[in-house]
Amino acid sequence: MLDLVVTGGVAVLTLCRPPVNAMSPQWVARFHELLDGLQPRSDWRVLHLRSAQKIFCAGADLKQVHDNFGSDMEAQLELGRSYQRLFQRIQGLDAVTLAELGGTTLGGGLELALACDLRIASSRAKLGFPEVTLGLIPGAGGTQRLSWLCGRAVASRLILTGEIISADEAHRLGVVQWCVDPAQIADEAARIAARVAAHPRHATAGAKSAIFAAAQAGVDGFARETEVVRDCFESTATRELVSAFLAR
């Protein structure tokens, strides 16, 4: 269902639930279990999400959704909340997160990708929120994160029409930061992850928190930026890196 390997400062979490990496309560529980195991470890600075299937993730298991139609509504709503909580946890990690979208990424799969800091897609990938075509909406944070990331106009286009777009268009709209040839995506994603993992974690974590502060109502992002700068100045690692740079 999910596999985890940590090497070179990168925790590579592979989605491996054939055929489409459908999400489920068991999938959520396993994801939390792996994150729980990573939390106390100091040997990783990047979480790299990828898929062992041709599809990155097709979202929620529609059969399970269908079976829930006749059950307690609160049970179905709680399932959606469980996805929201997991994706919020991923977003809130102090490590940098990277989603490698090697194939189709729809619905909850795109919501998972949007919870990550960085997204790289194969040029053959298709992305979108088709929920409205089934009388549903992206309910695991998609309406919020796509609006934060790309603005109301882009979010309205993709969510209200149910349009499935190419990776090139997703790159143009800012949904993903990189769009590369399918033959290169694995190597390029690994290169990006390794590059980020080479940076001091206190700097990337601090920068991440300052970036998020920019989108939070009532939060003084400039003040948060200054706090991060102070923490960096007080870091022994920063002082050593600056000294080494000047020595060169």
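Worth saying up front: this structure is predicted, and the values here are computed from it rather than measured.

**Q** Please explain the packing of helix α1 (residues 25–38) against helix α3 (residues 73–92) as it appears in this structure.
**A** Geometry of a packed helix pair, given as the angle between the helix axes and the separation of the axes. Two numbers describe how α1 lies on α3: the axes approach to 10 Å, and their chain directions differ by 25°. Taken together, the axes of α1 and α3 lie roughly parallel to each other. The way α1 lies across α3 gives a crossing that is left-handed. From α1, Pro25, Trp27, Val28, Phe31, His32, Leu35 and Asp36 reach across to α3, where they touch Leu79, Ser82, Tyr83, Leu86, Phe87, Arg89 and Ile90. For the contact of α1 with α3, the residue count by class is 10 nonpolar, 2 polar and 2 charged.

**Q** Any chance you could explain the sheet that holds strand β7 (residues 126–128) here in plain terms?
**A** Strand pairing in a sheet relies on backbone hydrogen bonds. The paired strands run either parallel or antiparallel. Spatial ordering of the open sheet is given by β5-β7-β8, a layout of 3 strands whose pairing is mixed. Across the chains shown, the open sheet's two edge strands, defined by having one partner strand only, are β5 (105–106) and β8 (164–166). With 3 bridges joining them, β7 and β8 adopt antiparallel strand pairing. Residue pairing across strands places Lys126 opposite Ser166, the latter belonging to β8.

**Q** Looking at this model, I keep getting lost on unusual backbone geometry. Mind explaining?
**A** Backbone phi values are negative for most residues with the exception of glycine, while trans is the configuration of most peptide bonds. In the segment running from Pro18 into Pro19, the intervening peptide bond is cis, with an omega of 0°. Secondary-structure assignment places Pro19 in the loop between β2 (9–15) and α1. Residue Asn21 is not a glycine yet carries a positive backbone phi of 55°. With respect to the element layout, Asn21 can be found in the loop between β2 and α1. Here Asn21 falls in the buried class, since its relative accessible area comes to 1%.

**Q** I keep staring at the pattern of salt bridges and nothing clicks. Help me out?
**A** Side chains carrying opposite charge are able to pair once their charged atoms draw close together. A complete count under the given rule lists 13 salt bridges for this structure. Of the charged contacts in the structure, one is a salt bridge between Asp36 and Arg89, with a shortest N-O distance of 2.7 Å. With Asp36 in helix α1 and Arg89 in helix α3, this pair connects stretches of sequence that are 53 residues apart. Residue classification places Asp36 among the partly exposed positions, given a relative accessible area of 43%. Put simply, Arg41 and Asp43 hold a salt bridge, and the shortest N to O gap is 2.7 Å. Relative accessible area serves as the criterion here: at 37%, Arg41 is assigned to the partly exposed category. In this structure, a network of salt bridges that share partners links the residues Arg157, Glu163, Glu169 and Arg172.

**Q** Looking at this structure, how should I read the pairing of strand β4 (residues 96–101)?
**A** For a regular strand, side chains alternate in direction, first toward one face of the sheet and then toward the other. Of all 6 residues in β4, 6 are buried; the element is thus mostly enclosed. Inspection of the sheet shows strand β3 (residues 44–51) paired to β4 by 4 bridges, in the parallel sense. Within β4, the residue paired with His48 across the bridge is Leu98. Of the strand pairs in this sheet, β4 and strand β6 (residues 118–122) are connected by 4 bridges, and their pairing is parallel. Bridging across to β6, Glu100 finds its partner in Ile120.

**Q** Where do I start with the nonpolar core in this structure?
**A** Nonpolar side chains in soluble globular proteins generally cluster together in the buried interior. Among the nonpolar cores identified, the biggest contains 48 residues, and Trp27, Phe31, Phe87, Leu127 and Val175 are the most heavily contacted of them. Beyond its immediate sequence surroundings of up to four residues, Leu127 is in contact with Leu101, Thr105, Leu106, Leu110, Glu163, Ile164, Ile165, Ser166, Ala167, Ala170, Val175 and Val176. In this structure, Leu98, Leu118, Ile120 and Ile185 belong to the second largest nonpolar core, which totals 14 residues.

Calculation notes
- Residues numbered from 1 in each chain as written.
- Predicted model: local features only at pLDDT ≥ 70, side-chain atom pairs only at ≥ 80, totals over all residues.
- Heavy atoms only, no water.
- Axes fitted to C-alpha atoms, helices over the stretch in contact; angles between N-to-C directions.
- Helix = DSSP H or I, 4+ residues; strand = E, 2+ residues; numbered from the N terminus.
- Parallel < 35°, antiparallel > 145°, perpendicular 65-115°, else oblique.
- Left-handed = near helix turned anticlockwise from the far one by under 90°.
- Contact = heavy atoms within 4.5 Å.
- Nonpolar A, V, L, I, M, F, W, Y, C, P; charged D, E, K, R; others polar.
- Pairing = 2+ DSSP bridges.
- Buried < 20%, exposed > 50% of the residue type's maximum accessible area, 1.4 Å probe, protein only.
- Salt bridge = Lys/Arg side-chain N within 4 Å of Asp/Glu carboxyl O.
- Core = buried A, V, L, I, M, F, W, Y, C linked by side-chain atoms within 4.5 Å.

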